[in-house]
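Each chain, written out:
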Amino acid sequence: MNPNSFENRHIGASSDDVENMLNFIGLDSIDQLIKQTIPNSILKKEELNIKSAKFFGISYRGLAISEFPYQYENQVDTLTLINAPTKFLDLKNLEKFLIKEGIKSVYDFFIPSDYKGLKEQFRLAYHKRSWLPDFIAKSLYLELCKPYVNGWTEIVDDLINNASELQNRDYEFDIPTTLIWGKADRIIPVEIGTSLNNYFRNSTLHLIDKCGHLPTIEKPKQFLNIVIKNVLQQDV
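A few points on the structure. All of these numbers come straight from a predicted model, not from anything done at the bench.

## Notes on the overall build of the chain
The number of helices and strands found in the chain is 14 helices and 4 strands. Projected onto its principal axes, the C-alpha coordinates of the chain cover approximately 55 × 40 × 40 Å. The proportion of buried residues among the 236 residues of the chain is 39%. For the chain, long-range pairs separated by at least 24 residues make up 65% of all intrachain contacts whose partners lie at least 6 apart in sequence. Carbon and sulfur atoms make up 51% of the accessible area of the chain, which amounts to about 14600 Å² in all.

Below, the structure is given as structure tokens:
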């Protein structure tokens, strides 16, 4: 296993990571950790016996999730990507767009230094003008952004340093793949969704009108209808 490859850095913890964690907390196994942290009254005794699963990923997380079928095709039932560029990520065009919008760099956009930067994220992610009061933005920034700045910096570093590796990745799998895209996405434009749909062997592209980069938030009803009908294959 190459610890420096993109997929091994972004898919779960390595065996060494798990061993170091267990040594740090003074336990012998993950099973022992579970028994000490999960109340016996709700702890399921039988094996879950999950042979495969449906995977979802939005934006950057979709890029990381795409590595699962790349490595574990037989364990992935379906793949759903929401405004996620995967191998068609174009950092140069993204940075040009951000500079045009008054944001100096990809780092400044993805790692806001204060609540105003967070509001800029929402402004560019939405099709309509987002309404985010300062007091909510400040609270969100303190709770959800500021504590994770170092980790986000490492992620963006990794993304930039390995962009060419990802662009050259061959996703040669036949897994049913659902692509859901906000038609008005300015961050990851719909043309990237079209390129992905043409690239994957077994995919369908669903566009949501008057929606930007976050269809799960901006158009939740339309998003869920697509998922229920096309991924879960149930009647809406």
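## Quick notes on the nonpolar core
Across soluble globular proteins, you tend to see nonpolar side chains buried next to one another. Ranked by internal contacts, the top residues of the largest apolar core, which has 36 residues, are Leu79, Leu94, Leu98, Leu124, Ile187 and Phe200. In terms of residues, this core owes the most to one element, helix H6 (residues 91-100), which gives 4 residues. With sequence-adjacent residues up to four places away left out, Leu124 is seen in contact with Phe97, Leu98, Glu101, Ile103, Phe109, Arg186 and Ile187. Core analysis: the second largest hydrophobic core is formed by 8 residues, Ile82, Ile208, Ile226 and Val227 among them.

## A look at unusual backbone geometry
If you check the backbone angles, Asn83 has positive phi at about 50 degrees while not being a glycine. Inspection of the secondary structure assignment puts Asn83 in the loop between strand S2 (76-82) and H6. Here the phi dihedral of Lys210 falls at roughly 50 degrees; this positive angle occurs in a residue that is not glycine. Assignment of secondary structure puts Lys210 in the loop between strand S4 (203-208) and helix H13 (215-218).

## A closer look at the sheet that holds strand S1 (residues 53-58)
Taken together, 4 strands build an open sheet; the order of strands is S1-S2-S3-S4 and the sheet is parallel. Unpaired on one side and paired on the other, S1 and S4 mark the two borders of the sheet. Taking each pair of neighbouring strands and ignoring which way they run, the sheet shows an average axis angle of 15 degrees. Here strand S3 (residues 177-182) runs beside S4; their pairing, made up of 6 bridges, is parallel. Within the sheet, the bridge partner assigned to Trp181 lies in S4 and is Leu207. Across the sheet, helix H14 (residues 220-231) touches S1, S2, S3 and S4, and the angle it forms with S3 is around 165 degrees.

## Quick look at the pairing of S2
With 6 of 7 residues buried, S2 lies mostly within the body of the structure. Across 4 bridges, the pairing between S2 and S3 is parallel. Looking at the pairing, Ile82 lines up with Ile180 of S3.

## Some points on the pairing of S3
With 6 of its 6 residues buried, S3 lies for the most part within the structure. What joins S3 to S4 is helix H12 (residues 190-199), and the crossover it makes is right-handed.

## So, the side chain of Ser59
You can see Ser59 is positioned in the loop between S1 and helix H4 (60-65). Residues in contact with Ser59, not counting those within four places in the same chain, are Ile82, Asn83, Ala84, Pro85 and His213.

## With respect to the pattern of salt bridges
Under the counting rule described, the total for this entry stands at 9 salt bridges. Between Glu101 and Arg123 there is a salt bridge, and its shortest N-O distance comes to 3.1 Å. Of the two residues, Glu101 is situated in the loop between H6 and helix H7 (106-110) and Arg123 in helix H8 (residues 115-125); the sequence distance between them amounts to 22 residues. Exposure remark for Glu101: the relative accessible area of 24% places this residue in the partly exposed category. With a relative accessible area of 30%, Arg123 lands in the partly exposed category. Asp209 is paired through a salt bridge with Lys183; the nearest N and O atoms lie 3.5 Å apart. Here Lys183 lies in the loop between S3 and H12 and Asp209 lies in the loop between S4 and H13, a separation of 26 residues in the sequence. Judged by its relative accessible area of 45%, Lys183 falls in the partly exposed class.

About the cut-offs
Residues numbered from 1 in each chain as written. Predicted model: local features only at pLDDT ≥ 70, side-chain atom pairs only at ≥ 80, totals over all residues. Heavy atoms only, no water. Helix = DSSP H or I, 4+ residues; strand = E, 2+ residues; numbered from the N terminus. Buried < 20%, exposed > 50% of the residue type's maximum accessible area, 1.4 Å probe, protein only. Contact = heavy atoms within 4.5 Å. Areas by Shrake-Rupley, 256 points an atom, 1.4 Å probe, with all protein chains shown as cover. Core = buried A, V, L, I, M, F, W, Y, C linked by side-chain atoms within 4.5 Å. Pairing = 2+ DSSP bridges. Axes fitted to C-alpha atoms, helices over the stretch in contact; angles between N-to-C directions. Right-handed = clockwise from strand over helix to strand, strands pointing away. Salt bridge = Lys/Arg side-chain N within 4 Å of Asp/Glu carboxyl O.

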